[in-house]
Amino acid sequence: MMGIGPTGIVMIVLIALLLFGSKKLPELGRAVGRTLHEFRAGTKPLIEELDLAEKQGPRAIDGEKRL
């Protein structure tokens, strides 16, 4: 999968500028930043729990042994 190059980023910024205008663009950026921050903060406990489970390895569930 190819990443977005500098030309692609410039095109996205220009389209966003045309759609939202220069006054709304900073507000939109702040809102997206806050949303990403809250999402990461909300998923952090889940990621930590999955990492812990991965480090512990397979466990017996309800007295059942796994091979």
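That block above? That's the structure.
On a predicted model such as this, the values are computed, not experimentally measured, just so you know.

Engineer: Looking at this structure, I do not really get the overall build of the protein. What am I missing?
Structural biologist: Secondary structure summary: the protein contains one helix and zero strands in total. Taking all 67 residues of the protein together, 1% fall into the buried category. A total of about 6700 Å² of accessible surface is found on the protein, and carbon and sulfur atoms cover 65% of it.

Engineer: Would you take a moment to explain a nonpolar patch on the surface for this structure?
Structural biologist: A cluster of nonpolar residues, I15, L19, F20, L28, V32 and L36, forms a patch on the protein surface that exposes about 550 Å² of accessible area. Tracing the sequence through the fold places V32 in helix α1 (residues 6-56). For V32, a relative accessible area of 44% gives the class partly exposed.

Engineer: Just to check I follow, could you spell out the pattern of salt bridges for this structure?
Structural biologist: It is possible for side chains of opposite charge to pair when their charged atoms get near one another. Tallied over the full model, the rule gives one salt bridge. Residue E27 pairs with K24 through a salt bridge whose shortest N-O separation is 3.9 Å. Here E27 pairs with K24, and both are found in helix α1, just three residues apart, close to one helical turn. Judged by its relative accessible area of 44%, E27 falls in the partly exposed class.

Thresholds applied
Residues numbered from 1 in each chain as written. Predicted model: local features only at pLDDT ≥ 70, side-chain atom pairs only at ≥ 80, totals over all residues. Heavy atoms only, no water. Helix = DSSP H or I, 4+ residues; strand = E, 2+ residues; numbered from the N terminus. Buried < 20%, exposed > 50% of the residue type's maximum accessible area, 1.4 Å probe, protein only. Areas by Shrake-Rupley, 256 points an atom, 1.4 Å probe, with all protein chains shown as cover. Patch = residues over 30% accessible without salt bridge, like charges linked within 9 Å, V, L, I, M, F, W, Y side chains within 5 Å. Salt bridge = Lys/Arg side-chain N within 4 Å of Asp/Glu carboxyl O.

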